[in-house]
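Chain by chain, the residues run as shown.
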Amino acid sequence: MASGAKTLTRQLGRLNPKSTVFFLCDVQERFRSGIHAFESLVQVSQKMSKFSKILDIPLVVTEQYSKGLGHTAAEIPIDHACLVEDKSKFSMLTPAVVNKLAELKAKSVVLYGIESHVCVLQTCLDLLENQYDVHVLADGVSSMNAPEIDIALNRMAHAGAHVVSSESVMFQLTGDSCSPLFKSVSGLVKEYQSLARQNKLLYKNGTAQL
């Protein structure tokens, strides 16, 4: 692909399942009581993990100082993750993660987790700096202090990331209702439909804010 076409693809935010990786950032047990709308965050993380398994999209999981902060929330299936990385730095881009991205020949990253203004933001900026196309789930990131979320999403969008919803990403990666995987994807969307309507990260004051 010519460099101009690559630039256009990045600007448009096209997602291809063959070159996309999911990043689950630090959704750990210790944060359960302190993070805004943690249950909504877990539900979206759980849905995306299941979706990644259906489409066979690589899942990279990080845990911030798991010895002290615990492991990934038990409700989120990560048994199929291609990498589960314990880290001390805020960004997910540890040497092991950088190597895994290169090994997978990834071009796009779908990013979700916590905290939006710390680890998620720094991961996003590192990915953009390394020429990855970044899609941040507006309904899949949170912080301890709710106002930090929108500030971080705006910061990431201005830096060049695409701020999107989890369902939009799912249908973009599926691509066609004739896909043999569509029935499974549609079933997953229906499974989480009522929970999506209650998602406090997606709905603020009764109106979706993306």
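This one's a predicted model, so the numbers in the text were calculated from it and none came from an experiment.

Cut-offs applied
Residues numbered from 1 in each chain as written. Predicted model: local features only at pLDDT ≥ 70, side-chain atom pairs only at ≥ 80, totals over all residues. Heavy atoms only, no water. Buried < 20%, exposed > 50% of the residue type's maximum accessible area, 1.4 Å probe, protein only. Helix = DSSP H or I, 4+ residues; strand = E, 2+ residues; numbered from the N terminus. 1 Å grid on protein atoms, 1.4 Å probe; cavity = no way out; pocket = protein on both sides within 12 Å on 5 of 7 lines; lining within 4 Å. Points joined across faces, edges and corners; volume = space filled by probe spheres on them. Nonpolar A, V, L, I, M, F, W, Y, C, P; charged D, E, K, R; others polar. Pairing = 2+ DSSP bridges. Axes fitted to C-alpha atoms, helices over the stretch in contact; angles between N-to-C directions.

## A few points about helix H5 (residues 116–129)
Residues lying three or four places apart along an α-helix face the same way, a consequence of the helix completing one turn every 3.6 residues. Restricting attention to buried positions, one finds in H5 the residues Ser116, Val118, Cys119, Val120, Leu121, Thr123, Cys124, Leu127 and Leu128. Backbone geometry just after H5 places Gln131 at a positive phi near 70°.

## What about the environment of Ala157?
Here Ala157 is to be found in helix H6 (residues 147–159). Assessed through its relative accessible area of 35%, Ala157 is described here as partly exposed. For the pair Ala157 and Val134, spaced 23 residues apart in sequence, the C-alpha to C-alpha distance is 9.6 Å.

## Here we look at empty space enclosed by the protein
According to the stated counting rule, one finds one cavity of 30 Å³ or more in the structure shown. Volume-wise, the largest cavity comes out at about 60 Å³. Considering the residues around the largest cavity, the lining is formed by Gln43, Val44, Lys47, Asp139, Ser166, Tyr192, Leu195, Ala196 and Asn199. Of all the secondary-structure elements, those providing two or more residues to the lining of the largest cavity are helix H2 (38–55) and helix H9 (193–197). By residue number, the principal contributor to the lining of the largest cavity is H2, which donates three residues. Considered class by class, the residues forming the lining of the largest cavity number four nonpolar, three polar and two charged.

## Concerning the sheet that holds strand E1 (residues 20–25)
Taken in spatial order, the six strands line up as E3-E2-E1-E4-E5-E6 in an open sheet, and their pairing is parallel. Only two strands of the sheet have a single neighbouring strand rather than two, namely strand E3 (83–87) and strand E6 (162–164). Adjacent strand axes in the sheet meet at a mean angle of 25°, parallel and antiparallel pairs treated alike. Pairing of strand E4 (residues 108–114) with strand E5 (residues 133–142) involves six bridges; the strand directions are parallel.

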